[in-house]
Structure formats: C-alpha cells, structure tokens
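Understanding the architecture of this molecule
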Amino acid sequence: ANLVIIKTMQESFVEMLSVGGKSNSLGRAGEVIDIVLRDRSRLDELYQCLFDDDAWVRMRAADSLEKVCRIHPEWLTPYIDRLSRDFATSDQPSTQWHMAQIYGAVELTTAQREFAVRWLKKLLSSPSVDWIVATNSMITLMQFTRESLFPKPEMIALLDIQQQHKSAAVVKRATKLRDELL
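Residues numbered from 1 in each chain as written. Predicted model: local features only at pLDDT ≥ 70, side-chain atom pairs only at ≥ 80, totals over all residues. Heavy atoms only, no water.

As a further point, take helix H12 (residues 168-181). Spanning 14 residues, H12 covers 20 Å between terminal C-alpha atoms, matching the ideal 20 Å at 1.5 Å per step. Buried residues of H12: Val170, Ala174, Leu177 and Leu181, and no others. Burial along H12 is one-sided: seen end-on, the buried residues are contained in an arc of 70°. For H12, exposure combined with an orientation more than 90 degrees from the buried face picks out Ala168, Lys172, Lys176 and Asp179. The secondary structure elements touched by the buried residues of H12 are helix H10 (131-146) and helix H11 (152-162). Between the side-chain oxygen of the N-cap and the backbone nitrogen of Ala169 there are 3.2 Å, and the N-cap of H12 in question is Ser167. (Helix = DSSP H or I, 4+ residues; strand = E, 2+ residues; numbered from the N terminus. Expected span 1.5 Å × (residues − 1). Buried < 20%, exposed > 50% of the residue type's maximum accessible area, 1.4 Å probe, protein only. Arc of directions from axis to C-beta. Contact = heavy atoms within 4.5 Å. Polar contact = N/O pair within 3.5 Å; in protein donor to acceptor, adjacent residues only side chain to side chain.)

So, in structure tokens, the structure goes:
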C-alpha cells in the first residue's frame, strides 16, 4: 500500500488524469480527488489541468475540482474569479456543467454572482445547449431564484426556452422547476 502512495505522489495529475478506462470515463479522477483532499496544496496543480491540451484530462479535472468543492467549497473561493475569467468562453460541455455546479456550491461575492448569473442566462438562452449543461445551469440559477438573487420572471422565461429542448429529461426538469415558481 505504501508503494502505491509513493508512486501516486510522484505522478503528476495530468499523468493520472490522462489514463484509466475508456476515454469518456473518469479514469483515475477518484485518486486525484483523494490526494487533493489529503493535501490542499495540490489544488492549484489540479486547477492547471483544466488547461491541458487533452479534452478528457480537462473533463476529468473539472469533475475532480467540482467533487473537491462539494466537500470543501471554501477551498474554491479563491479560484472563482480565475474560473470565471478562464472558462467563461469555454465551449466544452463538461467544463460548463461543472462550472455551473461550482457556482452553486461556493459563496460568491455580489460581483461574482452577477457574472455567474449572466453566464448561466447565456447558456440557458438556447434550447440547443448540452443537456447536462442545461440541467446543472437550471439547478444553480433556480437556487439563486429561491434565494431571491435572481428574478422569478426571468427564470420562468429561461425555463420556457428549456421546455423546447430536445432532451426529455431537460424538458421534464424545466417543467418541474417552472411549476414550482408559479
């Protein structure tokens, strides 16, 4: 067991996230999450993986970052401005849906929340957005609506758009959330 820990400590996160299972699997992301949870100082290394040339490494890194955020949302607080700046224009769905989840988990300043709201609104303004992006964006924006941080009429309008989505799951979620607001 100690040999595995030593070997893992020597491997970079990029190496770990680039291997393991099918390309669309999370591979060794669980190991990366465990390492970061044991050693917060490696969080920046994980963040840097979001810029890797390999889209699967970026996806696994985004997933890992979001899962660390579930346990320690305060750890991501210093990264919010960087995430917003660096990924606001990303068109990679796996990055977008994890960003939506992180925005919903971390305590945001007013300016950060305003940025997040604009970004989420943009994503939800089209019924052709990726279905997981749509779902996570609706969940986070609805959370802001429940907290009176986003106007109900605007949320209803975005849910109306998502009721035109090609995914039955998105339509069902949009309908359920819309019904809650009426």
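Here Gln112 lies in helix H9 (residues 110-124). At 2.9 Å, the side chain of Gln112 and the backbone nitrogen of Thr109 are in polar contact. If near-sequence neighbours (up to four positions away) are discounted, Gln112 is found in contact with Ile80, Asp81 and Glu107.

Moving on, we get to the nonpolar core. Formed by 54 residues in total, the largest nonpolar core has its most connected members in Leu46, Leu65, Leu76, Leu83 and Leu141. Apart from the residues lying within four places of it in its own chain, the contact partners of Leu83 are Tyr47, Leu50, Leu65, Leu76, Ala88, Met99 and Ile102. (Core = buried A, V, L, I, M, F, W, Y, C linked by side-chain atoms within 4.5 Å.)

By secondary structure assignment, the location of Gln143 is in helix H10. On the basis of relative accessible area, Gln143 is assigned to the partly exposed category, the value being 25%. Sequence separation between Gln143 and Gly104 is 39 residues; the distance between their C-alpha atoms is 7.2 Å.

Take the packing of aromatic side chains next. Two measures describe an aromatic ring pair: the distance that separates the ring centres and the angle between the ring planes. Scanning all chains against the criterion turns up five aromatic pairs. Aromatic pair Phe51 and Phe87: ring centres 5.2 Å apart, planes at 35°, arrangement tilted. With a gap of 36 residues between them, Phe51 in the loop between helix H4 (43-48) and helix H5 (55-71) and Phe87 in helix H7 (residues 80-87) connect regions that are remote in the sequence. Judged by its relative accessible area of 38%, Phe51 is partly exposed. An aromatic cluster of at least three residues, connected via ring pairs, comprises Tyr47, Phe51, Tyr79 and Phe87. Arg82 extends its terminal NZ or CZ atom over the ring of Tyr47, reaching a point 4.4 Å from the ring centre. (Phe/Tyr/Trp six-rings, centres within 6.5 Å; stacked < 30°, edge-to-face > 60°. Lys NZ or Arg CZ within 6 Å of the ring centre and 35° of its normal.)

The subject of this paragraph is the pattern of salt bridges. Within this structure, the stated rule accounts for eight salt bridges. With its nearest N and O atoms 3.2 Å apart, the salt bridge here joins Arg82 to Asp44. Placement of the pair is Arg82 in helix H7 and Asp44 in helix H4, with a sequence separation of 38 residues. For Asp63, the salt bridge is made with Lys67, and the minimal N-O distance between the two is 2.9 Å. One end of the pair, Asp63, and the other, Lys67, are both in helix H5, four residues apart, so they sit about a helical turn from each other. (Salt bridge = Lys/Arg side-chain N within 4 Å of Asp/Glu carboxyl O.)

Quick look at the confidence of the model for the protein chain now. With 92% of its residues at a pLDDT of 70 or more, the protein chain shows a mean pLDDT of 88. Taking the mean pLDDT of every element in the protein chain, the minimum, 52, falls on helix H1 (residues 2-10) and the maximum, 97, on H11. (pLDDT = per-residue confidence, 0-100.)

Attention now goes to the side chain of Ser137. You can see Ser137 is positioned in helix H10. Look at Ser137 and you get buried, because its relative accessible area is 0%. Residue contacts for Ser137: discarding those within four places in its chain leaves Ala100, Leu120, Leu123 and Leu124.

For the structure on display, the rule yields zero disulfides. Summary of cysteine pairing: Cys49 is not part of a disulfide, and the nearest cysteine sulfur, belonging to Cys69, is at 17 Å. Owing to a relative accessible area of 1%, Cys69 belongs among the buried residues under this scheme. (Disulfide = S-S within 2.5 Å.)

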